[in-house]
Amino acid sequence: MSGKFWMVGLLLVGCSRPEVGVWMQKLPVQSAIKPELLQQLAGSLGQPPDRWVEPIQKDRQPRVLWLTWPDGKITLGRGPGLRPALESALGQKGPLQSGWLKLDLVSLSDNRREKLETGMDGLAWSEPPEALLPDLISHRALLKSGKLRKDYGERLHTAQRAEPPAFRFQTQQALWTRQTVEPLFRGHRLYRAQDLTSAQLLKAARLAGDFLVRQLDARGHFDYAYHPAEDHSENSYNSLRHAGACYALCQLSRASQQPAYAQAAARGLGYLVGQLKPVAGGGLALVEQRSVKLGGNALAVIALLEYQQTTGDRRWWPQARRLGRTLLAAQVPSGAFPVHKSDFTSGANLEFTSGYYPGEALLALLYLDRQEPAGPWLAAAQRGARYLILERDHGLGPDKLPHDHWLLLALDQLQQRKPDPLYPAHMQKLCTAICSAQLHHQPELDWNGGFYRPPRTGPTAIRCEGMAAAWPWLQKSQQEIVRQSLLDGMVFQLQAQLQPESCVYFPKPERPLGAIPRSLTNFEVRIDYSQHFISAALGARRLFNSP
């Protein structure tokens, strides 16, 4: 894909053929076609016109459509029927031989200027006939409070119209490739839980892993947060999530048997180790902006030892062990970790609490125990687990229980190492809470499987990680419920993953390819969104008896 967008600012113009009179005002308000005809229309892109099916040849209703090409060019087609509209959009190119092509066919048009729905509504002007596709509006963040931004021309690097748009419209969308024709919704592909495979999940995880590798510079520093709509990176960082990204790359390296992911993680871990500082008692702490986080120390241990398990390289075992001493010092006899963030210089409690840090600490202790079974790590993890189960979470109903995926990951490891009926019983309670909060039967069909309203990818991924870890230990009656919930959550995330047909609308299409954005309509990408997706996808492969 070319990083340069055609059409001088992405405003779409008509052609000079006799059918140019067809435009929004001549369309029926409702002009949708049946899904099977849309499939046939998109499938026609790979065939000469004389082989197009009869309904396309005979259609005489005024039609407006667009084709988006892999190089970013958008061509307009309009005419008295599907065939002339499609032919005008194809121009002199003829049937396609390779690549892919995205089709947008106007299905609903009116001149109301009410609040626009991101990813669903496009805008058009009458004279000369020009339009902004729904996906172009959403992917370039051209809406503000449901209306077209006043600076949309500046954001598109083009002159903008003096008059407001005359029409709002929606489109039916499909994607043509040489192998398949797929319907699109809100610009993304649609998936079904019953069709997911282990190979598909691994492929998607690798796409996200490739994005993380591209975000990593020679120093081992990630480009933490990137906004593809503006091709802009934030000047911010989070060492805890840096460690998490390295952890996911190591997991991916082992699952895919591709050493390059672990090699990239090693660069990141080298940078991370450079941020460790000695503390009292011979320990180490991960220091960021003069503060120390319990979760940061824990994720550093997890990442370093995941790398060691993946590669056999023990170079960072001393640092992991010294970080472990700091974790032990942070735990009180009850098993709790009362201080979650402290000032590095003074040691003062900064009065910050995270629901995830204790579970991360337990998992780190279990990673240490795996490498040093004679050490104090397992007993500390057991004390911490009992505290969280019997004190923090005691008596809480499904609507109050924290959706603590790190605790679920730790309990999975504890049950393997030192079985206790307390652990699977609590895993069952946490999974019940998670499943009850998941979105189902939503009017927005791509919301199903997500969490929160509107649903976001990060919260969905972490819950999928936790359910995947807990699934083998659940009662048979609950396993199928959790299995379906996990698959539905993966479908939601797969639909959000940035593919070529959505990246094409960004200024630099190659850069965010494969990344997981914040949501279906907010395309900010952070390394932790892709990190958790990778871990969730690899965890979900347990459902298919994959290692």
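Residues numbered from 1 in each chain as written. Predicted model: local features only at pLDDT ≥ 70, side-chain atom pairs only at ≥ 80, totals over all residues. Heavy atoms only, no water.

### Brief notes about the overall build of the chain
Scanning the chain for helices and strands turns up 19 helices and 18 strands. Each principal axis of the C-alpha atoms in the chain carries an extent, and together these give about 85 × 50 × 40 Å. Within the chain, buried positions represent 57% of all 547 residues. In the chain, of all internal contacts separated by at least 6 residues, the share reaching a separation of at least 24 is 71%. Accessible area for the chain stands at about 22,400 Å²; split by element, carbon and sulfur atoms hold 52% of it. Each charge class in the chain was averaged separately, 63 positive and 49 negative side chains, and the resulting centres sit 2 Å apart. (Helix = DSSP H or I, 4+ residues; strand = E, 2+ residues; numbered from the N terminus. Buried < 20%, exposed > 50% of the residue type's maximum accessible area, 1.4 Å probe, protein only. Contact = heavy atoms within 4.5 Å. Areas by Shrake-Rupley, 256 points an atom, 1.4 Å probe, with all protein chains shown as cover. Lys, Arg positive; Asp, Glu negative; His and termini not counted. Charge placed at Lys NZ, Arg CZ, Asp CG, Glu CD.)

### Some words on the sheet that holds strand β12 (residues 225-227)
A sheet is described by the order of its strands in space; here three strands give the open sequence β13-β12-β18, paired in antiparallel fashion. What marks the edges here is a single partner per strand, and that holds for β13 (232-233) and β18 (525-526). Both β12 and β18 contribute to a ladder of two bridges, which runs antiparallel. Across the sheet, the residue bridging to A225 is R526, located in β18. (Pairing = 2+ DSSP bridges.)

### What about the side chain of Q215?
With respect to the helices and strands, the residue Q215 is situated in the loop between α7 (198-214) and β12. When neighbours within four sequence positions are excluded, Q215 is seen to be in contact with H221, F222, D223, Y226 and R511.

### A short note on the pattern of salt bridges
Following the criterion strictly, the structure yields 29 salt bridges and no others. A salt bridge links R161 to E163; the nearest nitrogen and oxygen atoms lie 2.4 Å apart. By relative accessible area, R161 is classed as buried at 14%. Among the salt bridges present, the one from D369 reaches R417, with a minimum N-O distance of 2.6 Å. Here the residue D369 occupies a position in helix α12 (residues 357-371), and R417 occupies one in helix α14 (residues 405-417), the gap between them amounting to 48 residues. Where salt bridges share partners, they join D223, D231, K508 and R511 into one cluster. (Salt bridge = Lys/Arg side-chain N within 4 Å of Asp/Glu carboxyl O.)

### Regarding the sheet that holds strand β17 (residues 341-343)
If you walk across this open sheet you meet the four strands as β14-β15-β16-β17, and the pairing is antiparallel. Looking at which strands have only one partner, the edges of the open sheet turn out to be β14 (276-279) and β17. Each neighbouring strand pair of the sheet contributes to a mean axis angle of 45°, computed without reference to strand direction. Here strand β16 (residues 291-293) runs beside β17; their pairing, made up of three bridges, is antiparallel. If you follow V292 over to β17, its bridge partner there is S342. (Axes fitted to C-alpha atoms, helices over the stretch in contact; angles between N-to-C directions.)

### A look at the pairing of strand β2 (residues 63-68)
Counting buried residues along β2, six of its six residues qualify, which places the element largely inside the surrounding structure. Burial along β2 is two-sided: R63, L65 and L67 facing one way and V64, W66 and T68 facing the other are all buried. With antiparallel pairing between neighbouring strands as the criterion, β2 and strand β3 (residues 74-79) make up a hairpin whose turn holds five residues, including G72 at a positive phi of roughly 95°. The sheet contact formed by β2 and strand β4 (residues 100-110) spans four bridges and is antiparallel.

### Thoughts on the packing of helix α17 (residues 476-496) against helix α19 (residues 527-540)
With their axes 11 Å apart at the nearest point, α17 and α19 run at an angle of 140° to one another. Regarding the angle of α17 to α19, the classification is oblique. The crossing of α17 and α19 is left-handed. Across from L486, M490, Q493 and L494 in α17, the residues of α19 making contact are F533, A536, A537 and A540. Here the contact of α17 with α19 is built from residues that sort into seven nonpolar, one polar and no charged. (Parallel < 35°, antiparallel > 145°, perpendicular 65-115°, else oblique. Left-handed = near helix turned anticlockwise from the far one by under 90°. Nonpolar A, V, L, I, M, F, W, Y, C, P; charged D, E, K, R; others polar.)

### Re the side chain of E130
Among the secondary structure elements, E130 is positioned in strand β6 (residues 130-132). A residue is classified by how much of its surface remains accessible, and E130, at 10% relative accessible area, is buried. In terms of polar contacts, E130 uses its side chain to reach the side chain of R161, at 2.7 Å. (Polar contact = N/O pair within 3.5 Å; in protein donor to acceptor, adjacent residues only side chain to side chain.)

### A few points about the environment of Q170
By secondary structure assignment, the location of Q170 is in strand β9 (residues 167-177). Taking the C-alpha atoms as reference, Q170 lies 9.3 Å from G119; in sequence the two are 51 residues apart. Discounting chain neighbours no more than four positions away, the residues touching Q170 are L105, V106, S107, L108, M120 and D121. At a separation of 2.9 Å, a polar atom in the side chain of Q170 contacts the side chain of D121.

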